[in-house]
Amino acid sequence: IINISATLQYKAAPFQIHAASAKAGIDVVTQTLGVEWGSEYGIRCVGIAPGPIAGTTGGPTGRVFGNFLKGQDVKDIVPIGRWGETDDIGLTALFLATPAGSYINATTIVVDGGQWHDASRMYRMASPFLKAIAKQRQASKKPKSKL
């Protein structure tokens, strides 16, 4: 069994209580059935939690979040710097359905390029500053002669 979930339930998502609650429920169903049906019948139950997927209703141009994401740099939202594609989800499902994924059970795999951590913008803002500090510290550590 492969369930499709989301990542918005991993932290507070204002105005999304209905969707977050439903997706959290799917995650618990995935875990519980994976344990119960895995133990009883050898049936695996896994989930996939997609991030923003291009061309979908919940994606970067879709009706749910499209207006909010319009004009934003994808690198500020997704650490790997691109929106997901439907193939990313399809290939994950394929992996889970083949012998390569046969030991994965009772869990949900996040396929979102790191988006749910919501830290990409903060990293991009802080990185140049922190690199400059590190460079200054390195320059001030000049070797001292023992002569």
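Residues numbered from 1 in each chain as written. Predicted model: local features only at pLDDT ≥ 70, side-chain atom pairs only at ≥ 80, totals over all residues. Heavy atoms only, no water.

Visitor: It is not clear to me how helix H1 (residues 17-41) should be interpreted in this structure. Could you clarify?
Guide: Side chains that are three or four residues apart share a direction in an α-helix, a result of its 3.6 residues per turn. Across its 25 residues, H1 extends 34 Å between first and last C-alpha, which sits within 8% of the 36 Å expected from 1.5 Å per residue. Considered for burial, the residues of H1 that qualify are Ala 20, Asp 27, Thr 30, Leu 33 and Gly 34. Where H1 is buried, its residues contact strand E1 (2-4), strand E2 (46-50) and strand E3 (107-111). Directly after H1, the chain includes Gly 42, whose backbone phi takes a positive value near 75°. (Helix = DSSP H or I, 4+ residues; strand = E, 2+ residues; numbered from the N terminus. Expected span 1.5 Å × (residues − 1). Buried < 20%, exposed > 50% of the residue type's maximum accessible area, 1.4 Å probe, protein only. Contact = heavy atoms within 4.5 Å.)

Visitor: Would you mind going over the sheet that holds E2 with me for this structure?
Guide: Paired through backbone hydrogen bonds, the strands of a sheet run either parallel or antiparallel to each other. One open sheet accounts for 3 strands, arranged E1-E2-E3; its pairing is parallel. Edge strands, defined here as strands with exactly one partner in the open sheet, are E1 and E3. Between one strand and the next, the sheet's axes are offset by a mean angle of 25°, whatever the strand orientation. Summarising the sheet, E1 and E2 pair through 3 bridges and their orientation is parallel. Each residue of the ladder has a partner; that of Ile 4, found in E2, is Ile 48. (Pairing = 2+ DSSP bridges. Axes fitted to C-alpha atoms, helices over the stretch in contact; angles between N-to-C directions.)

Visitor: Is there a simple way to think about a nonpolar patch on the surface in this case?
Guide: Where nonpolar side chains cluster on the molecular surface, the patch consists of Ile 1, Trp 37, Tyr 41 and Ile 43 and spans about 400 Å² of accessible area. With respect to the helices and strands, Tyr 41 occurs in helix H1. You can call Tyr 41 exposed: its relative accessible area is 58%. (Patch = residues over 30% accessible without salt bridge, like charges linked within 9 Å, V, L, I, M, F, W, Y side chains within 5 Å. Areas by Shrake-Rupley, 256 points an atom, 1.4 Å probe, with all protein chains shown as cover. Salt bridge = Lys/Arg side-chain N within 4 Å of Asp/Glu carboxyl O.)

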